[in-house]
Amino acid sequence: MINFIAGKGVLYGGSRSPRCNYTYYSFMEDPTTIDVPQSHPRNAFLAGLFSLVFPGLGQVYNGQIKKGIFYFALSYLIPAIFAVTRWATSFTGVIIFMAIGISFLLIMVINAILNAKKQKFYTLKPYNKWYNYVLIAIFISTMTLVFDMKKMIGIQSYIAQTTANNPTILVGDWIVTDTKAYEKNTPKTGDLVTFTKEDGQLFMYRIVGLPNDTISLKDNIVSINNKLSKSKFIADRNVEGINFSELEETFPNGHSHRIYKSKEEFDNGIKNMNDFVVPTDSIFVLGDSRDNALDSRYIGCIAKNQITGKIKFSYWGKTGFKRMNIKF
């Protein structure tokens, strides 16, 4: 708003000029009417929280939309690289992936917090609306559901709950499975696999018979296509008050692993079995603790499409470091 002010004055043109009167005019701006942008300081806690839960949202909140898009894209690029290379199917690869993931998260959150603290005189951008934040959060959540990170990378983690696979897999072992192991390859005799039955219950056992194989058991030692596996005594064990003999079993294809055979009397029908032919497109599995496993002798064969992954390694267990990087 401009104020127009008129007044009287005296103008002297020089020492010999006659004195004359004049009217002067002044234009003055009213400072109370100036439209000054309002400051909206950024909240460091909110910025950090946004980036922690929704990658890149903290940066958008701070007015750094390009950086926010960059961090969001990077949060998917890292898993994509591990998905293509299959690095995460090894213990070293998982450690590297976790280290990169945690470092990336910390950098993104810290960046959001530090930049928020600098924005003490922040002018809101057109996208700095609460409903835009909600829309971005919904978009990121949807992307997370559509592109499942574990499925993308091809690994799944489980904690062993039973002694059915002693002495190979112990109760409390944190194991990693390769969920894409059989996309291009076929299961092999000796592979440890996870699978689900019709009721959705998860099992993990060793493959001993492939489609059309003839399987026999003689005192819990496997015979495949009339070729008896070799067995070698290792030691006597006592697990939860039960005495076992630990043996090394070697299948006809050369695959070796350890098994437990109970020294106490169990159902003789599960220790000995004659000439069972595995149906087409099915797998016959056994637990390594031969007298203590609800395997194919009880639940029947499993279909190939029921296999959910190949067990690769253990990265932790009840005994801590002793079960770290145990390759199966």
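Per chain, the residues get numbers from 1 upward, laid out in the order the sequence is written. Local features in this predicted model are restricted to residues whose pLDDT is 70 or higher, and side-chain atom pairs enter the listing and the counts only when it is 80 or higher, whereas totals over whole chains, interfaces and linings include all residues. Only hydrogens and water are set aside when side-chain values are computed; all heavy atoms of the structure are taken into account.

## A closer look at the pattern of salt bridges
Then, number 1: One speaks of a salt bridge when a side-chain nitrogen belonging to Lys or Arg is within 4 Å of a carboxyl oxygen belonging to Asp or Glu. Under the definition given, this model contains 11 salt bridges.
Then, number 2: Note that Lys263 is salt-bridged to Asp236, the shortest N-O span being 2.7 Å. Here Lys263, found in the loop between strand S12 (256-262) and helix H7 (268-271), pairs with Asp236, found in strand S10 (residues 230-239); they are 27 residues apart in sequence, far enough to count as distant.
Then, number 3: Glu246 is paired through a salt bridge with Arg258; the nearest N and O atoms lie 2.9 Å apart. Of the two residues, Glu246 sits in strand S11 (residues 242-250) while Arg258 sits in strand S12, which places them 12 residues apart along the sequence.
Then, number 4: Partly exposed residues are those whose accessible area sits between 20% and 50% of the maximum for their type, while under 20% is buried and over 50% is exposed, using a 1.4 Å probe and protein chains only. Judged by relative accessible area, which is 6%, Glu246 ranks as buried. Only DSSP runs of H or I covering at least 4 residues are called helices, and only runs of E covering at least 2 are called strands; the numbering of each starts at the N terminus.

## Remarks on the environment of Lys120
Then, number 1: Mapped onto the elements, Lys120 comes out in the loop between helix H4 (91-118) and helix H5 (130-146).
Then, number 2: For Lys120, a relative accessible area of 55% gives the class exposed.
Then, number 3: The spatial distance from the C-alpha of Lys120 to the C-alpha of Ser39 is 7.6 Å, given a sequence separation of 81 residues.
Then, number 4: Contacts are residue-level and defined by heavy atoms, with any inter-residue pair within 4.5 Å sufficient. Among all residues touching Lys120, those that are not within four sequence positions of it are Ser39 and Pro41.

## Notes on the sheet that holds S11
Then, number 1: With antiparallel pairing, the 3 strands of this open sheet are ordered in space as S10-S11-S12. Edge positions in the sheet fall to S10 and S12, since each of these pairs with one other strand and no more. On average, adjacent strands in this sheet sit at an angle of 25° to one another, irrespective of strand direction.
Then, number 2: A pair of strands is treated as paired once DSSP finds two or more bridges between them. As defined by bridge partners, S11 adjoins S12 across 7 bridges and the pair is classed as antiparallel. Bridging across to S12, Glu248 finds its partner in Arg258. Here an angle of 0 to 180 degrees is reported between the N-to-C directions of two axes, which are lines fitted to C-alpha atoms, with helices fitted over the stretch in contact.

## Section: the sheet that holds strand S9 (residues 227-228)
Then, number 1: Ordered by their spatial adjacency, 4 strands build an open sheet running S9-S8-S7-S13, and the pairing between neighbours is antiparallel. Every other strand in the sheet has two partners, leaving S9 and strand S13 (273-277) as the edge strands with one partner each.
Then, number 2: Relative to strand S8 (residues 221-224), strand S7 (residues 214-218) is paired through 4 bridges, and the arrangement is antiparallel. Across the sheet, the residue bridging to Ser216 is Ser223, located in S8.

## Observations concerning the pairing of strand S4 (residues 174-178)
Then, number 1: Within S4, 4 of the 5 residues are buried, which leaves the element mostly enclosed by the surrounding structure.
Then, number 2: Relative to S4, strand S3 (residues 155-159) is paired through 5 bridges, and the arrangement is antiparallel. Paired with Gln156 across the strands is Thr177, a residue of S4.
Then, number 3: Two elements, S4 and strand S16 (residues 307-316), share 5 bridges in a ladder whose sense is antiparallel. Counterpart to Val176 in the pairing with S16 is Phe313.

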